[in-house]
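# Remarks on the overall topology
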Amino acid sequence: MSAQTPPESVTKTQQRRITPPDVRGRKGAEPLVCLTAYDAPTARLLDPHCDVLLVGDSVGMVVHGLPNTIPVTLEMMILHGQAVMRGSARSLVVVDMPFGSYETSREQAFDNAARILRETGAQAVKLESGVYIAETIRFLAERGVPVMAHVGLRPQAALAEGGFKAKGRDEAERARVLAEARAADEAGAFAIVVEGVAEELAGEITQAVKAPTIGIGASASCDGQILVTPDMLGLFDWTPRFVKRYADLKGLTEEAVKAYAEEVRARRFPGPDEVYRIKSK
């Protein structure tokens, strides 16, 4: 690299990133495009097309093969957050706060959120929002930590709730989820993920809060949408019913690996174009 050529990280900082106020300003406007990202190459591919890249704790399941998100650690989230920041230049990058990193106290939440922002360079954190978390959101927001909330189906509560179950299908549950969304909004969340709720409830939440809503298994009436990227790219045999597969990367990958294996076993790879030769004098 020439002494006159700035490193890639410096060039990226010259492009203005989308900010939490930008996202909040999209309420009722053009829908927000959001996807999950866990590594630099994927982030680089998604970045030109997305407004928000979420470093979700879903990384535990889709990358590390864990049965749920409960074992995900703060260190894992920071590591993947750093990678996504290196691979992106435009999108707002939000990092999930994992289970156990914010529930004990507001001070614990602030210390861990500050660590995430400081060590990754990301612009915001996301936490799952029972009503009891509203004061934590307020505490963080008042101290300069942009917070994205998450209501409805909460993956970190999967053990207590007996799995991943849609929410808001009866009146009591509907009222509770709506109350959670309102509490997060009033506490200062700049956006709210609404996951796995009845379509009508998602619309009601969107109308009831000032923050933009980002749906996943919710409704097209939300202010934006998010999916787990490996799901929408078709990397797994099974996906939730709310996922639309936009590609079949599992099939393409299997075909590529099969072709590679056949060529290696037949000694057709490497061929003349893939080997080095001694330079003639």
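Residues numbered from 1 in each chain as written. Predicted model: local features only at pLDDT ≥ 70, side-chain atom pairs only at ≥ 80, totals over all residues. Heavy atoms only, no water.

### Some details on the packing of aromatic side chains
The final tally for this structure, using the stated rule, is 1 aromatic pair. Summarising the aromatic geometry, the rings of Y260 and F269 are spaced 5.8 Å apart at their centres and angled 65° between planes, so their arrangement reads as edge-to-face. The exposure class of Y260 is partly exposed, given its relative accessible area of 48%. Residue F269 is classed as partly exposed on the basis of its relative accessible area, which comes to 34%. (Phe/Tyr/Trp six-rings, centres within 6.5 Å; stacked < 30°, edge-to-face > 60°. Buried < 20%, exposed > 50% of the residue type's maximum accessible area, 1.4 Å probe, protein only.)

### Looking at unusual backbone geometry
Residue P270 is reached from F269 by a cis peptide bond, and omega for that bond is 0°. Non-glycine residue R267 carries a positive phi angle of around 60°. Mapped onto the elements of the fold, R267 is located in the segment after α12 (249-265). (Helix = DSSP H or I, 4+ residues; strand = E, 2+ residues; numbered from the N terminus.)

### A few points about the sheet that holds strand β7 (residues 213-216)
The 8 strands lie next to each other as β1-β2-β3-β4-β5-β6-β7-β8, forming a closed barrel whose pairing is parallel. Taking each pair of neighbouring strands and ignoring which way they run, the sheet shows an average axis angle of 25°. Pairing of strand β1 (residues 32-36) with strand β2 (residues 52-55), which is carried by 3 bridges, proceeds in the parallel orientation. Among the inter-strand pairings, T36 is bridged to a residue of β2, identified as L54. Sitting on the sheet, helix α6 (residues 106-120) touches β3 (92-96) and β4 (124-128), and the angle it makes with β4 is about 145°. (Pairing = 2+ DSSP bridges. Axes fitted to C-alpha atoms, helices over the stretch in contact; angles between N-to-C directions. Contact = heavy atoms within 4.5 Å.)

### A word on the environment of L32
By secondary structure assignment, the location of L32 is in strand β1. By relative accessible area, L32 is classed as buried at 2%. Remark: the alpha-carbon pair of L32 and T213, spanning 181 residues in sequence, is separated by 9.0 Å. Leave out the neighbours within four places in its chain, and L32 touches V23, R26, D51, P212, I214, D223, G224 and Q225.

### Side note on the pattern of salt bridges
Taken as a whole and judged by the stated rule, the model has 15 salt bridges. For R115, the salt bridge identified is with E119, shortest N-O distance 2.8 Å. One end of the pair is R115 and the other is E119, both in helix α6 and 4 residues apart, which spans about a single turn. Each of R26, E30, D51 and R90 takes part in a single network of salt bridges with overlapping partners. (Salt bridge = Lys/Arg side-chain N within 4 Å of Asp/Glu carboxyl O.)

### Brief notes about the environment of R176
Assignment of secondary structure puts R176 in helix α9 (residues 171-187). Sequence-wise, R176 and V131 are 45 residues apart; in three dimensions their C-alpha atoms are separated by 8.4 Å.

### Focus: the side chain of S129
For S129, the location among the structural elements is in the loop between β4 and α7 (134-142). From its side chain, S129 meets the backbone oxygen of L127 in a polar contact 3.1 Å long. Aside from chain neighbours lying at most four places away, what touches S129 is I137, A149, H150, V151, R154, E180 and A184. (Polar contact = N/O pair within 3.5 Å; in protein donor to acceptor, adjacent residues only side chain to side chain.)

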